[in-house]
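# Chains, contacts and geometry: an overview
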Amino acid sequence: MFGRILIFLITFSSLNCLAQQTTVAGGELKKFSQDELRSDLFLLKNILEANHPSLDWYTSREKLDSIFSATLTSINDSMNEVEFKNRVSAFISEIRCGHTVVRSSRSYSKNVARYRFPLFPLSIKLWEDSMVVLSSLVGKDTLLSRGTRLLSINGRDARFFVDTFSRHISVDGYGRQFSNQLVSNNFGAYYKNILGLDSVYRIAFINSAGQQADTLIKNIFPLSKKPRAEKVSTDSIPRLTRRESKKLQLAETRRLNVDSASKTAYMLLGSFSGRGTASFIRSSFRKIRKSGISNLVIDLRSNGGGKVSNSTLLTRYLSDHSFRVADTVVRSSGRLQYKKHIQQAWLYQMGLFFSGRRQSDGRFHFSQFEKKIWEPKKRNHFDGNVFLIQGGFSFSAATLLLGELRGQKNIRLVGEVTGGGYYGNSAMFIPGLTLPHSKIRVSLPLFRVVAGSSRPKGGGILPDIAVPPSSEAIRRGIDPKMEKIKALIAEEKK
């Protein structure tokens, strides 16, 4: 009983801290009444209990109920969308499901530019006990240049920010690599929306002489008048065709570079979704075979998942053994409830109808993924040295591949712990639901996926060769993961 009370008090206290931010600079957000917000919260809880396959996978129903009660109590007045979303995300994160994510309303997302300013002045890379400057918006800033290690911001250290912001980020199990990466990409936004921006920031840091120092900086505001831009003739600038533009965009998410001299191929695969992904994988391995490549590097650091069929296809080109996608893919029922609030509910209901059947254990199984045995590709299969680069954004279908190939004798996983769970996740079909008053959206996975029942539960996939981030690498602008792989390839050639 004491444990439940303690959980309630801690959660209620943290939510009250979030309530301090009542306005968003740059525009006034609409407020919703206490009754409307409590109604949305009750509805969300009912929808999750009726449809989510893994509510109690990591957190007991008793604890979730206690956290829900604390969240409900904290809604003691009208609130704007940002304030309410903070409370909802803190509640949802306790499910510990990386695919159950809270998103802003479509209206807010469409008009977010109105609330952009002021801006937190630094872009920061954050991990556990470290903060490092990536860039500064402060004009002609020489003190806080790229790679500068920060000790604190207004007396708050890296651990404070990691702990505070991660409470609002949905992750698989107990790992925090994904949330660290996400905060690093959006530090200013998390600071603004969760803590509320301060008027001035005292920054404690390590200067170029290796000594502790401090400085004061302020938020960034837009110029009152835009400077008149000089007219530049575009006659000599060739315009890209639609096809060329699309090709450039694709190169940002997937590409293959072959170095014939070192017999090494580098493949970037930022997603398993997108038109042409399967064709790209097939053509890449055909080119790799024809080029006589002996070392293959596949960068999955930004791969958040996508189509399982494409993840499976890539696995077949690399695996030396037959495999299944997962041990179990299951949910308690073949029917969706609260369809009125679930986007394209009819389509997902049809998917459930055709995807599986109730089995002897009383649960509804997506048997295609449980029973199908996949064999390695014979044509264009790669048998050389493989280096798979992974990190906090390696998620979902990417972790299915990494988890299956981990331990294979010619494959090494390089980088950091994955954000996606090694044991499994909740995914496959992921519709979105919209709360009727606030219009906040929440993604809703429909199947529990146990990738490997004998694997440890609760964390991501550990790399074979750990290469953590460092302030020195950031300062020098180098990729330590790739540098490590190049060194390994060179060493093996000796």
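Bear in mind that the values here come from a model prediction, so they are computed numbers and not experimental data. (Residues numbered from 1 in each chain as written. Predicted model: local features only at pLDDT ≥ 70, side-chain atom pairs only at ≥ 80, totals over all residues. Heavy atoms only, no water.)

## Thoughts on the pattern of salt bridges
Here the structure, examined in full by the defined rule, presents 14 salt bridges. As a salt-bridge pair, Asp 163 and Arg 176 come within 3.0 Å of each other at their nearest N and O atoms. Placement of the pair is Asp 163 in helix α6 (residues 158–166) and Arg 176 in the loop between α6 and α7 (177–185), with a sequence separation of 13 residues. Glu 492 serves as the salt-bridge partner of Arg 412, at 2.5 Å between the closest nitrogen and oxygen. Here Arg 412, found in strand β16 (residues 411–415), pairs with Glu 492, found in helix α16 (residues 480–493); they are 80 residues apart in sequence, far enough to count as distant. The class for Arg 412 is partly exposed, based on a relative accessible area of 21%. Residue class for Glu 492 comes out partly exposed when judged on its relative accessible area of 39%. Three or more residues are tied together by salt bridges with common partners; here these are Glu 128, Arg 159, Asp 163 and Arg 176. (Salt bridge = Lys/Arg side-chain N within 4 Å of Asp/Glu carboxyl O. Helix = DSSP H or I, 4+ residues; strand = E, 2+ residues; numbered from the N terminus. Buried < 20%, exposed > 50% of the residue type's maximum accessible area, 1.4 Å probe, protein only.)

## Digging into a positive patch on the surface
Together, Arg 286, Arg 289, Lys 290 and Arg 379 line one region of the surface with positive charge. Topologically, Lys 290 is positioned in helix α10 (residues 277–290). We classify Lys 290 as exposed; its relative accessible area is 62%. (Patch = residues over 30% accessible without salt bridge, like charges linked within 9 Å, V, L, I, M, F, W, Y side chains within 5 Å. Areas by Shrake-Rupley, 256 points an atom, 1.4 Å probe, with all protein chains shown as cover. Lys, Arg positive; Asp, Glu negative; His and termini not counted. Charge placed at Lys NZ, Arg CZ, Asp CG, Glu CD.)

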